[in-house]
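# Working through the structure, step by step
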Amino acid sequence: MSSILSVDDLGAEGFDALLARAAALAGGARAHERRGVALLAFFQASTRTRLGFARAAVDLGAAPLDLSGARHTAVMSAPESLGDTLRAVAGIADVVVLRHPDADEAGRAVRGLDRPVVNAGLGDVEHPSQALVDLHAVATLRGGARRLRWGLVGDLAGSRSAHSLLRALRWYDPVEVRLLGPSRPDGWTDGLAVSEADPDALAGLDVLYVAGLPAGSAWGDPTTRARCRLDAARMARLPERALVLCPLPRVDEIDVAVDADPRAAWFRQADLGRWARLALLEHAWG
Ligand code: CP
């Protein structure tokens, strides 16, 4: 039983082992049966991650249960803290998959919880399962994740997906990590040699990661959005063998007109996410 709140909870070897396991599962290996309940405690909207972990639970022979109608908001007749809610219901679960907008509150709530917890996106801090999905996609679609030239564009300061990816990239010896803005992921690039460049500087990249500019973020102004948007003109700057990943959902960060480009990998990446989440849930269950 092991909680995974950060990619650092897996470490280089653990992360790599999960990538190998995800590849084996994708190739037809049988998942190790885990009877019981995976509690999907999502206090923030999710489509891919919530349904992906629900499917992973089914693939393990377990049942996914949704924790919905949370009583932790002040508008409820009897508001309850996140910590109390999780303590009260953890007994019916074997694993808790948690998404919450406040990473500090979530961290306090899971401390001492007698169940493994999988971070399914906490605040603007980390989203380790997404990093596993991302690197599994790269390993599958490029035949390996090591020694690549990476570019990242979007709200890199506020993107929990970008943060976890950058932490994990330390273990894959990137030739280059090019930060294309508009914000900088300060504090998340330790151990990486990074450079900063304009969003148009896409030449030579093996992987472009479109972390996105979420609606309502500080980057809602049309000028910045247009400067970072991936359209056909920017696609033309990428090498022929490049891959473009995006954790999704997108607002307008990627022009739908480029979905048909062979380098556009975001829906294949979403499909491959099934195996990465299955490997992660199997591991966390212990
Ligand atoms: N990429 C991702 O976390 O998507 P959801 O918000 O739909 O889970």
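In this report, the structure presented in the accompanying data block is examined.

The rules behind the values
- Residues numbered from 1 in each chain as written.
- Predicted model: local features only at pLDDT ≥ 70, side-chain atom pairs only at ≥ 80, totals over all residues.
- Heavy atoms only, no water.
- Helix = DSSP H or I, 4+ residues; strand = E, 2+ residues; numbered from the N terminus.
- Rg over C-alpha atoms; globule rule 2.2 N^0.38 Å.
- Buried < 20%, exposed > 50% of the residue type's maximum accessible area, 1.4 Å probe, protein only.
- Contact = heavy atoms within 4.5 Å.
- Areas by Shrake-Rupley, 256 points an atom, 1.4 Å probe, with all protein chains shown as cover.
- Lys, Arg positive; Asp, Glu negative; His and termini not counted.
- Charge placed at Lys NZ, Arg CZ, Asp CG, Glu CD.
- Pairing = 2+ DSSP bridges.
- Axes fitted to C-alpha atoms, helices over the stretch in contact; angles between N-to-C directions.
- Salt bridge = Lys/Arg side-chain N within 4 Å of Asp/Glu carboxyl O.
- Near = heavy atom within 4 Å.
- Polar contact = N/O pair within 3.5 Å; in protein donor to acceptor, adjacent residues only side chain to side chain.

What follows covers the overall build of the chain. On a plain count of helices and strands, the chain comes out with 9 helices and 9 strands. Since a compact globule built from 286 residues should have a radius of gyration of about 19 Å, the 19 Å found for the chain is in line with a globular shape. Once the C-alpha set of the chain is aligned to its principal axes, its extents read approximately 55 × 45 × 35 Å. Classification of the 286 residues of the chain by burial places 52% in the buried group. For the chain, restricting intrachain contacts to residue pairs at least 6 apart in sequence, the fraction spanning at least 24 positions comes to 70%. Roughly 12200 Å² of accessible area belongs to the chain as shown, and the carbon and sulfur atoms make up 50% of that amount. Each charge class in the chain can be summarised by its mean position, and for the 33 positive and 36 negative side chains these summaries are 4 Å apart.

Tracing the backbone shows Ala 20 in helix α1 (residues 11-26). Distance in space between the C-alpha atoms of Ala 20 and Asp 59 is 18 Å, their sequence separation being 39 residues.

What the 4 strands build is an open sheet, ordered β2-β1-β3-β4; its pairing is parallel. Bordering the open sheet on either side are β2 (63-67) and β4 (117-122), each of which pairs with just one other strand. Averaged over all neighbouring strand pairs, the angle between strand axes comes to 15 degrees, with direction disregarded. Relative to β2, strand β1 (residues 37-42) runs parallel, the two sharing 5 bridges. Opposite Ala 38, over in β2, you have Pro 64 as the bridge partner.

Once that is clear, we can look at the pattern of salt bridges. Summed over the entire model, instances satisfying the criterion amount to 23 salt bridges. With its nearest N and O atoms 3.9 Å apart, the salt bridge here joins Asp 200 to Arg 237. Of this pair, Asp 200 sits in the loop between β7 (194-196) and β8 (207-212) while Arg 237 is found in the loop between α8 (232-235) and β9 (243-245), placing the two residues 37 residues apart along the sequence. We classify Asp 200 as partly exposed; its relative accessible area is 28%. We classify Arg 237 as partly exposed; its relative accessible area is 45%. The salt bridge partner of Asp 259 is Arg 250, with a shortest N-O separation of 2.7 Å. By relative accessible area, which is 25% here, Asp 259 ends up partly exposed. A single network of salt bridges, built from pairs that share partners, joins Asp 8, Arg 167 and Arg 170.

Attention shifts here to the site of the ligand. The immediate surroundings of the ligand are formed by Ser 46, Thr 47, Arg 48, Thr 49, Arg 99, His 127, Gln 130, Pro 247 and Leu 248. Between the ligand and the protein, one listed contact pairs a nitrogen atom with a side-chain N or O atom of Gln 130 at 3.0 Å. Between the ligand and Leu 248 there is a distance of 3.0 Å, counted from a nitrogen atom to a backbone nitrogen or oxygen. For the ligand, whose unbound accessible area comes to 250 Å², protein coverage reaches 92%.

The subject of this paragraph is unusual backbone geometry. Here Gly 181 and Pro 182 are connected by a cis peptide whose omega angle stands at 15 degrees. For Pro 182, the position within the fold is in strand β6 (residues 176-183). Omega for the bond connecting Leu 248 with Pro 249 falls within 30 degrees of zero, at 5 degrees, which places this linkage in the cis form. Tracing the chain through its elements places Pro 249 in the loop between β9 and α9 (266-285). The phi torsion at Arg 147 lies on the positive side, around 55 degrees, for a residue other than glycine. If you trace the backbone, Arg 147 turns up in the loop between α5 (128-142) and β5 (149-155). Phi is positive for Leu 248, close to 60 degrees, though the residue is something other than glycine. Examined against the element boundaries, Leu 248 turns out to sit in the loop between β9 and α9.

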